Amino acid sequence: MDARSPDLIPDAARWRTDAPATKSLAEVNGTVAIPAAAAWWRRLLAFVGPGYLVSVGYMDPGNWATDLAGGSKFGYTLLSVILLSNLMAILLQSLAARLGIVTDRDLAQACRATYSPAVNFLLWLACEAAIIACDLAEVIGTAIALKLLFGIPLIGGALLAALDAFLLLLLMNRGFRFLEAFVIALLAVIAICFAIQIGAAAPPVAEVLRGFAPRTEIFTNPEMLYIAIGIIGATVMPHNLYLHSSIVQTRAYERNDAGRREAIKWATTDSTVALMLALFINAAILVVAAATFYKSGHSDVADIAQAFELLSPLLGLGIASTLFAVALLASGLNSTVTATLAGQIVMEGFLDLRLPSWARRLLTRGIAIVPVIVVTAIYGERGTTDLLVFSQVVLSMQLPFAVIPLVRFVSDRRKMGQFAIPTPVAAIAWIVAGVIVILNLKLLVDTLLG
């Protein structure tokens, strides 16, 4: 029997026998205790945490540029894209959690144990590109927030952003639950900041609700479609699928059928609730942009710094701009933590290569800092905003390389046994994967043809 998955038969599961058997994030795997014979709400609370770490990626600084651009240019129309993206995220993250809980492998390890070395190397390259694009957004977002709050030049802020490589080390040394508490606290700061801004903007409820209804114009308007795909790329993050499939294994649930069944239930509840918070944040950014900029005729506001300057005078709330910048900084700090973990999971899972987390973070951060400094020096602040939006489109282009293997694995009864997803759910998952592929092909064709 497979020591990692005692209820699955190795031959039936058809995992490659030469794949490494190291546990995902071994230093924290199974370290969070689950109270035995406790009330249901105490067991649920024991599982609360991974979903919020995952939700960070759905409201990182990259989302801000696409949401601001969508709200200021097209009003509430693209709220339907945010809603659709969030529903897709809820489904895909639940599948990622299921994969990790059932197989005791994260998505990268599952790929390594299934595909040839050449295919795995290509998948690793695609995922690394996504992480670098995500890190690029974090560097830009953090640098902009530092400039808005403290007047630090963008280049200086980008260099300071490299120092947050040590933040994860500090948090991980205190324990995984401490890291989760830190992330949740910053998420609360972001939510409070935007709740106040929504209250000040006082958007018309009827128009906001109509924005959640899909419109054909989204597909016929090339500029709107470009931003819509950017929103999908900023919302459904490929590296989050690798992250979630790993961090759900930090819970010390019983590694048998009954324990896994309960773990799937509570982990799915955790991520669904957390992603509803992400929906609120993303929708709030777009709604504030629509109610403040679109309605006042400032339809070209896609620049975070410009939004910062206009928010307070247009909303008539002196603290609005400061709240906006504080939320941006909190978002950048949070994203740092989760991207670092995802980078470690991907490198260890695909390559079985282990680097100290600080070295891994500095390497990835260094790759992201170079284009920010170059673009800022040549094009100024406007160039960094364009780079921020472009990074989200790059993320969207990488999605199929994570989504397709994930759906394939969780649909396969040879790998998942009785925990394979039902046929109707598999059909929906493949439709989601198909939509992502089609949208990305259209974006690629439109980009190449100008």
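Quick caveat: nothing in here was measured; it's all calculated off a predicted structure. (Residues numbered from 1 in each chain as written. Predicted model: local features only at pLDDT ≥ 70, side-chain atom pairs only at ≥ 80, totals over all residues. Heavy atoms only, no water.)

## Brief notes about the overall build of the protein
Convention followed: Working definition: helices are DSSP H or I runs of at least four residues, strands are E runs of at least two. Numbering for both runs from the N terminus. Residue contacts are defined here by distance: any two heavy atoms, one from each residue, within 4.5 Å place the two residues in contact. In these tables, accessible area is a Shrake-Rupley quantity obtained with a 1.4 Å probe, and a residue counts as shielded only by the protein chains included in the view.
Looking only at helices and strands, the protein features 21 helices and zero strands. Across the protein, the fraction of contacts at a sequence separation of at least 24, relative to all contacts at a separation of at least 6, is 84%. A total accessible area of about 16800 Å² is found for the protein, and carbon and sulfur atoms account for 69% of it.

## Here's the deal with the pattern of salt bridges
Side chains that differ in sign of charge can pair as their charged atoms come close. Heads up, the rule is: Salt bridge, as used here, is a side-chain nitrogen of Lys or Arg placed within 4 Å of a carboxyl oxygen of Asp or Glu. Burial here depends on accessible area, computed with a 1.4 Å probe over protein chains only, as a share of the maximum for the residue type. Under 20% is buried, over 50% is exposed, and the range in between is partly exposed.
Across all of its chains, the model carries eight salt bridges by this definition. Between Glu262 and Arg43 there is a salt bridge, with the nearest N and O atoms lying 2.5 Å from each other. Highlighted residues: Glu262 in helix H15 (residues 257-294) and Arg43 in helix H2 (residues 40-47), separated in sequence by 219 residues. Residue classification places Glu262 among the partly exposed positions, given a relative accessible area of 22%. Two residues, Lys295 and Glu207, come together in a salt bridge whose shortest N-O distance is 2.9 Å. Linking Lys295 in the loop between H15 and helix H16 (304-315) with Glu207 in helix H11 (residues 205-211), this pair joins segments that are 88 residues apart in sequence. Relative accessible area serves as the criterion here: at 26%, Glu207 is assigned to the partly exposed category. Look at the salt bridges and you will find they share partners, linking Asp104, Arg255 and Arg260 into a network.

## Digging into the nonpolar core
Going by this rule: The definition of a nonpolar core used throughout is a set of buried Ala, Val, Leu, Ile, Met, Phe, Trp, Tyr and Cys residues joined through side-chain atoms within 4.5 Å.
One finds Leu78, Leu95, Leu107, Phe194, Tyr242, Ile304 and Phe324 to be the most contacted residues of the largest nonpolar core, which totals 148 residues. Per element, the largest residue contribution to this core is 19 residues, and it comes from H15. Not counting residues within four places of it along the chain, the set of residues in contact with Ile304 comprises Trp64, Leu68, Ile144, Leu148, Phe324, Leu328, Thr385 and Leu388. By size, the runner-up hydrophobic cluster in this structure holds five residues, among which are Ala130, Ala133, Met237 and Leu395.

## Quick look at the environment of Ala267
Checked against the element boundaries, Ala267 lands in helix H15. For the pair Ala267 and Pro50, spaced 217 residues apart in sequence, the C-alpha to C-alpha distance is 7.8 Å. For Ala267, the contacting residues outside a window of four places in its chain are Phe47, Ala97, Ile101 and Val248.

## Thoughts on the side chain of Glu348
Examined against the element boundaries, Glu348 turns out to sit in helix H17 (residues 320-351). Look at Glu348 and you get buried, because its relative accessible area is 12%. Ignoring anything within four residues of it in the chain, the contact list for Glu348 reads Leu25, Leu353 and Arg354.

## Some points on helix H14 (residues 238-247)
Most of H14 sits out of view: ten of its ten residues are buried. For H14, the full list of buried residues reads Pro238, His239, Asn240, Leu241, Tyr242, Leu243, His244, Ser245, Ser246 and Ile247.

## Regarding the packing of H2 against H15
The cut-off we apply is this: Fitting a line to C-alpha atoms yields each axis, with helices limited to the stretch in contact; the angle taken between N-to-C directions then spans 0 to 180 degrees. For classification purposes, an angle smaller than 35 degrees is called roughly parallel, one larger than 145 roughly antiparallel, one from 65 to 115 roughly perpendicular, and anything else oblique. Should the near helix be turned counterclockwise from the far one by less than a right angle, the crossing is left-handed, whereas a clockwise turn marks it as right-handed. Each residue is assigned to one of three groups, with Ala, Val, Leu, Ile, Met, Phe, Trp, Tyr, Cys and Pro labelled nonpolar, Asp, Glu, Lys and Arg labelled charged, and all others, Gly among them, labelled polar.
Relative to each other, H2 and H15 sit at 70°, their axes nearing to 9 Å. Judged by the angle between their axes, H2 and H15 are roughly perpendicular. At the point where H2 passes H15, the crossing takes the right-handed sense. Each of Trp40, Arg43, Leu44 and Phe47 in H2 lies in contact with H15, whose residues at this interface are Glu262, Ala263, Trp266, Ala267, Thr269 and Asp270. Residue composition of the contact of H2 with H15, by class: six nonpolar, one polar and three charged.

## Some thoughts on a nonpolar patch on the surface
Cut-off, in case you're wondering: Within the patch definition used here, like charges are joined within 9 Å and nonpolar side chains (Val, Leu, Ile, Met, Phe, Trp, Tyr) within 5 Å, considering only residues with over 30% relative accessible area and no salt bridge.
Where nonpolar side chains cluster on the molecular surface, the patch consists of Leu353, Leu355, Leu363 and Ile367 and spans about 320 Å² of accessible area. Tracing the chain through its elements places Ile367 in helix H18 (residues 357-379).

## Quick notes on the environment of Asp352
Residue placement: Asp352 occurs in the loop between H17 and H18. Asp352 sits 243 residues away from Gln109 along the chain, and the two C-alpha atoms are 8.8 Å apart.

## Things to note about the confidence of the model for the protein
Quick note on the threshold: Looking at any residue, its pLDDT shows the predictor's confidence there, from 0 to 100.
Mean pLDDT for the protein: 84, with 89% of residues reaching 70 or above. Segment residues 1-12: pLDDT under 50, and 31 contacts once partners within four positions in sequence are set aside and those in other chains are kept.

## A word on the packing of aromatic side chains
Which entries qualify depends on this criterion: When two rings of Phe, Tyr or Trp (its six-membered ring) have centres within 6.5 Å they constitute a pair, described as stacked for plane angles under 30 degrees, edge-to-face for angles over 60, and tilted for the intermediate range.
This structure, assessed with the given rule, holds five aromatic pairs. Arranged with centres 5.9 Å apart and planes meeting at 35°, the rings of Tyr115 and Phe409 form a pair that is tilted. Of this pair, Tyr115 sits in the loop between helix H6 (107-112) and helix H7 (117-150) while Phe409 sits in helix H19 (residues 381-411), and the two are 294 residues apart along the sequence. Consider the rings of Phe121 and Trp124, whose centres lie 5.6 Å apart with planes at 40°: the pair is tilted.

## Remarks on the environment of Ala402
Assignment of secondary structure puts Ala402 in helix H19. A relative accessible area of 1% places Ala402 in the buried class. Distance in space between the C-alpha atoms of Ala402 and Ala433 is 9.6 Å, their sequence separation being 31 residues. Apart from residues no more than four positions distant in its own chain, Ala402 is found in contact with Leu107, Pro238, Leu241 and Tyr242.

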